Amino acid sequence: MRLVIARLALCAAAIPLLAASDHAGSAPASRAHPRTIVAPGDTKVNQFISYNATAKTVAITVTAALNSAQGGFNFNGGSSGNQTITVPLGWTINIDVYNVDAIPHSAILITDQTPIPNGPSQAAFPRAYTDHLSDGLPAQTGHDSMNFPATPAGNYLIACGVPGHAPSGMYIRFVVSATAKAPTNTGTIATGP
Ligand SMILES: [Cu+2]
């Protein structure tokens, strides 16, 4: 956990990352834009994802409502499945989820399915969901992390667990690949904060 925390920073007034996952209250009104910081030996995929090929770990920052795409119902700018994060089978995944929106959001890894559940609650991997899954991490300051092994291979979604949000487009794709040699991120991705 300490290693993961060390890789992350907030570009704005740093809210205590060591605090409990749902620290409501004292944060500034301005939006903080979390970035994944690349540590020595890590490889950067983009501003949201880095990995360590030796340790087979992937550090992903997923921000709810990073921009105005889909009326804010997006993760890192992706919505309605138009963005895909692919990771190699068996690697260890850490996803830090931030909510910078004015309303609560959460995140959960679910099996790819149609129709998209109104309030997704069946995690595809152990502990692959945030706190406050249905009522959402606090507006503007919400943060939680998930850490899980990427197995089995398959097609999954990162979806918001707040009822109504996922069917409104608040989901992106997550693929566990038996053939990928390194993580990738494709599709509609926010290019800036
Ligand atoms: Cu949401």
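One can find the structure itself at the top, above this paragraph.
Residues numbered from 1 in each chain as written. Predicted model: local features only at pLDDT ≥ 70, side-chain atom pairs only at ≥ 80, totals over all residues.

*Asks:* Go over the overall build of the chain with me, naming the residues and quoting the values.
*Replies:* Counting its secondary structure elements, the chain contains one helix and 12 strands. Counting across all 193 residues of the chain, residues that qualify as buried make up 41%. In the chain, the share of contacts with a sequence separation of at least 24, taken over all contacts with a separation of at least 6, comes to 69%. (Helix = DSSP H or I, 4+ residues; strand = E, 2+ residues; numbered from the N terminus. Buried ≥ 20, exposed ≤ 12 C-beta atoms within 10 Å, placed from the backbone. Contact = placed C-beta atoms within 7 Å.)

*Asks:* I'd like a description of unusual backbone geometry, backed by residues and values.
*Replies:* Note that the residue after Thr114, namely Pro115, is joined by a cis bond; omega there is 0°. Along the chain, Pro115 turns up in the loop between strand S8 (108-111) and strand S9 (142-149). Cis geometry is adopted by the peptide bond preceding Pro152, which originates at Thr151 and carries an omega value of 0°. Within the secondary structure, Pro152 is located in the loop between S9 and strand S10 (154-159). For Lys56, which is not glycine, the phi dihedral falls at a positive 60°. You can see Lys56 is positioned in the loop between strand S4 (49-52) and strand S5 (57-64). Residue classification places Lys56 among the partly exposed residues on the basis of 16 C-beta atoms within 10 Å.

*Asks:* Any chance you could break down the environment of Ile103 for me, citing the residues and the numbers?
*Replies:* Here Ile103 shows up in the loop between strand S7 (92-99) and S8. Expressed as a C-alpha distance, the spacing of Ile103 and Ala65, which sit 38 residues apart in the sequence, is 9.4 Å.

*Asks:* Kindly report on the sheet that holds S7, identifying the contributing residues and their values.
*Replies:* Read across the open sheet, the five strands follow the order S3-S4-S5-S7-S9; overall the sheet is mixed. The outermost strands of the open sheet, each flanked by one partner alone, are strand S3 (43-46) and S9. Taking the axes of each pair of neighbouring strands and ignoring which way they run, one obtains an average angle of 20° across the sheet. Taken together, the three bridges between S3 and S4 define a ladder with antiparallel strand orientation. Looking across to S4, one finds that Lys44 is bridged to Ser50. (Pairing = 2+ DSSP bridges. Axes fitted to C-alpha atoms, helices over the stretch in contact; angles between N-to-C directions.)

*Asks:* Give a detailed account of the sheet that holds S8, specifying residues and quantitative values.
*Replies:* The mixed open sheet is built from five strands, whose spatial order is S8-S10-S11-S6-S12. Each having just a single partner strand, S8 and strand S12 (184-187) make up the two edges of the open sheet. Geometrically, the sheet is characterised by an average inter-axis angle of 30° between neighbouring strands, direction not taken into account. In this structure, strand S6 (residues 83-88) lies alongside S12, joined through four bridges in antiparallel fashion. Residue pairing in the sheet places Ile85 in a bridge with Asn185 of S12.

*Asks:* Report on the environment of Pro167, specifying residues and quantitative values.
*Replies:* Relative to the helices and strands, Pro167 resides in the loop between S10 and strand S11 (171-177). Residue classification places Pro167 among the partly exposed positions, given that 18 C-beta atoms sit within 10 Å.

*Asks:* Residue-level account of the nonpolar core, with values.
*Replies:* In this structure, Ile60, Leu109, Ile158 and Ala159 are the most contacted members of the largest nonpolar core, which totals 44 residues. Secondary structure elements with two or more residues in this core: S4, S5, S6, S7, S8, S10 and S11. Take this core: its biggest share by element is five residues, from S5. In this structure Leu109 touches Ala123, Ala124, Phe125, Ala128, Tyr156, Ile158 and Phe174, once residues within four positions along its chain are discounted. (Core = buried A, V, L, I, M, F, W, Y, C linked by C-beta atoms within 7 Å.)

*Asks:* Hey, could you go over the environment of Thr61 for me, with residue numbers and the actual values?
*Replies:* With respect to the helices, strands and loops of the structure, Thr61 is situated in strand S5. Note: C-alpha distance between Thr61 and Thr36 (25 residues apart in sequence) is 5.9 Å.

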